[in-house]
Amino acid sequence: MLSFVFFALIIGGILSFDSLPKLEDPEIPVKAAAIMTAYPGASAEEVEKEVTDVLEKALQRLENIDYIDSRSLPGMSQITVNIKTGTKTKDLPQLWDHLRRKIHDAEGDLPQGAYSPVINDDFGDVSGIFLAITNDGYDPIEFRRIVENAKQQLLTVKGVKRIEEFGATQQVVNIKFDNDYFATFGINPGMIFQFFNDQGKLVNPGTVKAGDERIRINIGNKFQSLDEIRNFEVKLPNGNRYRLGDIATVTKEDQDPYYTKLKYNGKEAMSLALSMEKGGNIMKLGEAVEAELAQIQKQLPVGIDVHPIFYQHDKVDESINNFVVNLIESVLIVIVVLLLAMGLRAGLLIASGLLFTILATFIGMNIFGVELHRVSLAAIIIAMGMLVDNAIVVADGILVDMSRGMERSKAFINAAIKSAVPLLGATLVAILAFMPLAFNTTGAGEFLRPLFYVLAISLFVSWILAMIQTPFMAQYFYREKKKKPGEQKEAMSGSFYRFSKQTIQYALWHKTLVTITVAIILVLSFWAFGFAKMDFFPTATSDQFILEYRLPQGKDITTVEHDLDEIYKHISQWDEINYVVTSLGATPARYTLMRPMNSLSSCYGELIVALKDKEFDFEIRDRLQHYVSENYPQAEARVRTYQAIGGDYKIEVKFAGPDPEVLRQLADQAQSIMRANPHSAFVTNDWRNREKVLSPVYSQEKARGLMINRSDVANALAIATTGTPVGVFHDGEYQIPVMLRLKKTLNDDISLLPTIPVWSSNSQTSVNLSQLTDSITMIGDNSIIRRYDGQRAIRAQCDAAAGYTATEVLNEIKPAIDQIELPQGYTIEWLGEVKTSKEANDGLAENFPLAMLLMIIIVIGLFNNFRQPVIIFLIMPLAFIGVIIGVLVTNTPFGFFSIVGTLGLMGMMIKNAVVLLDEINIQIGEGKDQLQAIVDSTVSRVRPVMMASLTTILGMFPLLWDEMFKTMAVVIMFGLLVGTLITLLVVPVLYAMFYKINTRQLHPVQK
């Protein structure tokens, strides 16, 4: 029966591994919604007061809000509503419904001219497949049509939820006229707008009855070609008629200025970002999409090519393969250690249990819906050594019982029965040590949450198999042989055991000295901890990174394009570069959870740089950063990596208050302190610089006499600059705006501003702008106004320079910034990594007391007294000795992963202490002298405790080369190495002290 169960376990484990959903990293839901509201023509301050403030007040009544972050720009309001981290993902749809209702209710309070707010509650969705389609010589509309067809084909692939486009070249139909020519004929440009409006207006011409049929009447389509627009007749007030093409130039051109653009290796391109349906398998979806793309590529015309930018299924495959290699290495290391330390037969017995445990863990992950990704696989590696702990104790107990002459079949059962309860308690304690992760609702906590689930499943399974599989299979590994008298003594009398016994006796005889020494070492360790580096969240190496390039506010996007083209041409000659994607205006898509996102901005662009091998990651990043810093000092150019947790900048300090000028002064003071520190880099603020604004001062008195209003002036300025929309032109399925503009605009000659013609609504003649204004000035204005929870706020920001951590820099600049004198009504708050780290650590601290209480209850229940649990929990602080030694020796930063590793380390040490104290109690219960029981029990547990620790330490060895989990591996490896010695020496000493056992009789041993 059991043989069948184990066979089923093997088959089930293999099938479960194959069917498990596979991801690169755990899915972390972005609990936020974005609300975009256009208000064309308004300044940033007008947008803030008339739109942003109205919507924010409506949103403040929404439940479960963490904070509201807003950005008011000229003509646009952007509000981000961030939901409390403790809110369950399944509750979000209902919450978004409430948000929509509140925004809808507030629409009536928005000013005339403001568009309806657009709400996006899934902007945090990750598009796991991101590709570019390049264009070589095709018309933008034709190219867009080709891409659209490819998109529609990809949408038919099972599992594709939606596809987002980016980088399409927007075209417009420009009607350009000469003002003097129009004036000659008495043509008001407003007439053209009215004519187009009449032509495009939809009117139902009705239906007609013909016999028993009802026939619908159709008066024809709107403009379908440029010639139709050119041949359109304009009727003048004097009765004359002219073709529009005779009095103006009608051309189709690229929109100027454009908002976004994409290039792949310098070629014009569009991107497609494919999102997967919830619960889908990215590996299967990726294979299906690639198969469909192969068919699509065959159908594409020459010059149109598809290029992968980010294929999550490839990343997942690579990540899982690497971790599987690490897993196999870890298993082999553990097996070799077991074979060398326990002997061939015992080693193979325990190793077989390890393999069964891993396979059973895959089954458990499948049942509980835990995906296979970087964190869950790392959890198995972290648990590797712990998974054999229970089997080692049982297998070693069987050997000891058999060496004492116990009947073979009875020895198999006795070892399991005797250790079942204490091992169960110790296993639960080890699981509970990681429990704070299970209820940590911060981003960092959710990222590492699968670690707890996998550890809990695997450790509990290891206990079950140790109780069943180890005794069952021991009969096949342990040969039967007759026991000779005294063999037990021989088994415990080797040189290793003699040395262990002498060491323990020495410690017991000098128990006061040992206690004081350990206390001094602990104090020195905490003192030395002050020299350790601190870093909240590690960064994983990748074969891709990003260059964020931002020019001062007010710079034209073509300047950004020019600079990025130069940078691309330079780095494309580097041998390590695979390809480069240029994105202008915004981040193209959230194609990976770890991808930094940047909102639409005309002064922003970025390069997505792909390397031929990720081993060049650090070298090329540093090289590129040095190049752009040296050659483009006018820009904020920052190389960034993909990182799961973290904001825009590592260090951020927020000043909040009513007056923008005061806020800028406070931010300037903070930025000066940051710049003065040689260890800081990329100092800036999130309001950026003031933007130049050309401001004709409108005179109502002058305009009133000429029957011209402010709207007429605004339309005239639009016609003289970017153009004013008068209608739409239908080119197939696409609507192209028709723009009316002067032939010679202000872009050609800014000095023409005073002579711009301004028309009233009904006049046939124009007047110059200078006749309607008191003056024309150039001012500096805030083009970005940020608010935080309804209050104006500015953030001074910076990162740490290369070779330094954010914590180090923060500790250096924080005292000076905190001393900045704040006017009444202004506040200061630290954000960035300080806030994220505090929230994540607080999330662990919130649940640690509960985990600790459950541990105490279990340990008290195991021993049925209070003194031994006190002994166990007294050794917990001693875990920090090894931890601190580890981070100092390896120069590894201590952060969130390290804290989690330390919690797990405490659980491991408690587990070892439980096993040791249980053996002492058993031997005392058998009638042995207390002191002798302490010595013999410790000696008998030296091998299983040291083997359990050694397998854990060496099993984690492969993680030392993983940048993300290195800190956790260092903490556990060094902590357990020192912790094992502490358990074997300090626990017996504390036991003797707590129970006032006389150790003087050990004195002769030392002579």
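Basis of the calculations
Residues numbered from 1 in each chain as written. Predicted model: local features only at pLDDT ≥ 70, side-chain atom pairs only at ≥ 80, totals over all residues. Heavy atoms only, no water. Helix = DSSP H or I, 4+ residues; strand = E, 2+ residues; numbered from the N terminus. Buried < 20%, exposed > 50% of the residue type's maximum accessible area, 1.4 Å probe, protein only. Contact = heavy atoms within 4.5 Å. Areas by Shrake-Rupley, 256 points an atom, 1.4 Å probe, with all protein chains shown as cover. Lys, Arg positive; Asp, Glu negative; His and termini not counted. Charge placed at Lys NZ, Arg CZ, Asp CG, Glu CD. pLDDT = per-residue confidence, 0-100. Domains from an automatic or database assignment. Buried area = accessible area lost by both parts, 1.4 Å probe. Pairing = 2+ DSSP bridges. Expected span 1.5 Å × (residues − 1). Polar contact = N/O pair within 3.5 Å; in protein donor to acceptor, adjacent residues only side chain to side chain. Axes fitted to C-alpha atoms, helices over the stretch in contact; angles between N-to-C directions. Parallel < 35°, antiparallel > 145°, perpendicular 65-115°, else oblique. Nonpolar A, V, L, I, M, F, W, Y, C, P; charged D, E, K, R; others polar. Phe/Tyr/Trp six-rings, centres within 6.5 Å; stacked < 30°, edge-to-face > 60°.

For the chain, an unreviewed UniProt entry supplies the name Multidrug efflux pump subunit AcrB and the organism Mangrovibacterium marinum.

## Comments concerning the overall build of the chain
When its secondary structure is counted, the chain shows 31 helices and 30 strands. For the chain, the spread of C-alpha atoms along the principal axes amounts to about 130 × 75 × 55 Å. Considering the chain as a whole, with its 1007 residues, one finds that 53% of them fall into the buried category. Contacts in the chain between residues at least 24 apart in sequence constitute 79% of all its contacts with a sequence separation of at least 6. Surface accessibility of the chain: about 44,700 Å² in total, with carbon and sulfur atoms responsible for 55%. One way to put it: in the chain the 93 positive side-chain charges average out to a point 7 Å from where the 109 negative ones average out.

## With respect to the confidence of the model for the chain
Within the chain, residue pLDDT values average 85, and 96% of them lie at 70 or more. Put simply, helix α17 (residues 487-491) is where the chain has its lowest mean pLDDT, 46, and strand β13 (residues 261-264) is where it has its highest, 96. Confidence drops under a pLDDT of 50 for residues 485-491, and excluding neighbours within four residues, the segment shows 6 contacts in the predicted structure.

## Quick word on the domain arrangement of the chain
Per the domain assignment, the segments making up the chain are domain 1 (1-20 + 343-480), domain 2 (32-161 + 271-306), domain 3 (188-204 + 218-246 + 691-781), domain 4 (492-531 + 865-1006) and domain 5 (541-642). Taking only C-alpha atoms into account, the centre of domain 2 sits 23 Å from that of domain 5. Residue-level contacts link 11 residues of domain 2 with 9 residues of domain 5. Counting the surface lost from both domain 2 and domain 5, the interface buries some 700 Å², and carbon and sulfur atoms represent 61% of this. Sorting the residues of domain 2 by area buried against domain 5 places Arg 71, Val 126 and Phe 130 first, and these three jointly supply 53% of that buried surface.

## Regarding the pairing of strand β17 (residues 577-584)
Burial analysis of β17 places 7 of its 8 residues in the buried class, the great majority of the element. Bridge count for β13 against β17 is 4 bridges, and the pairing is antiparallel. Opposite Lys 263, over in β17, you have Thr 582 as the bridge partner. In this structure, β17 lies alongside strand β18 (residues 604-611), joined through 7 bridges in antiparallel fashion. Bridge assignment links Val 581 to a residue of β18, and that residue is Ile 608.

## Quick notes on the environment of Val 942
Position of Val 942 relative to the elements: it lies in helix α30 (residues 930-955). A relative accessible area of 3% means that Val 942 is categorised as buried. Once the C-alpha coordinates of Val 942 and Thr 983 are considered, the two residues, 41 residues apart in sequence, prove to be 9.9 Å apart. Each residue touching Val 942, except ones within four places of it in the same chain, is listed here: Phe 496, Ser 500 and Leu 984.

## Here's the deal with the environment of Thr 470
As for its position among the elements, Thr 470 is in helix α16 (residues 443-477). Each C-alpha atom of the pair Thr 470 and Ile 392 lies 9.2 Å from the other, and the pair is 78 residues apart in sequence. Residue contacts for Thr 470: discarding those within four places in its chain leaves Leu 349, Ala 391, Val 394, Ala 395 and Leu 465.

## A closer look at helix α22 (residues 660-676)
In this model α22 runs 24 Å from its N-terminal to its C-terminal C-alpha over 17 residues, within 8% of the 24 Å that 1.5 Å per residue would give. Along α22, the residues classified as buried are Pro 660, Val 662, Leu 663, Arg 664, Leu 666, Ala 667, Ala 670, Gln 671 and Met 674. In this fold, the buried residues of α22 make contact with β20 (651-656), β21 (680-685), β29 (791-800) and α25 (806-818). Regarding α22, its N-cap is Asp 659, as a side-chain oxygen of that residue lies 3.0 Å from the backbone nitrogen of Glu 661 further along.

## Section: the packing of α30 against helix α31 (residues 966-994)
Helix packing geometry: the angle between the two helix axes and the distance between the axes. For the pair α30 and α31, interaxial distance at closest approach is 10 Å and the crossing angle is 170 degrees. Between α30 and α31, the angle is such that the two are roughly antiparallel. On the side of α30, the interface is formed by Ile 934, Thr 938, Arg 941, Val 942, Val 945, Met 946, Ser 949, Thr 952 and Ile 953, while α31 contributes Ile 972, Met 973, Leu 976, Leu 977, Thr 980, Leu 984, Pro 988, Tyr 991 and Ala 992. Counted by class, the contact of α30 with α31 contains 13 nonpolar, 4 polar and 1 charged residues.

## Quick word on unusual backbone geometry
The amide bond that connects Asp 256 to the next residue, Pro 257, takes the cis arrangement and shows omega of 0 degrees. Tracing the sequence through the fold places Pro 257 in the loop between β12 (249-254) and β13. One non-glycine residue, Asn 64, lies in the positive phi region at around 65 degrees. Mapped onto the fold, Asn 64 is located in the loop between α2 (44-59) and β2 (65-73).

## Concerning the packing of aromatic side chains
If you walk through the whole model with that rule in mind, you get 19 aromatic pairs. A centroid spacing of 6.0 Å and a plane angle of 85 degrees characterise the contact between Tyr 549 and Tyr 632, whose relative ring orientation is edge-to-face. Residue Tyr 549 is found in strand β16 (residues 544-550), and its partner Tyr 632 is found in the loop between α21 (617-631) and β19 (636-640); the two are separated by 83 residues along the sequence. Per residue, the accessibility class of Tyr 549 equals that of Tyr 632, and both read buried. Ring centres 5.3 Å apart and planes at 75 degrees place the aromatic pair Phe 897 and Phe 965 in the edge-to-face group. One end of the pair, Phe 897, is in helix α29 (residues 896-925); the other, Phe 965, is in the loop between α30 and α31, and 68 residues separate them in sequence. Judged by relative accessible area, which is 0%, Phe 897 ranks as buried.

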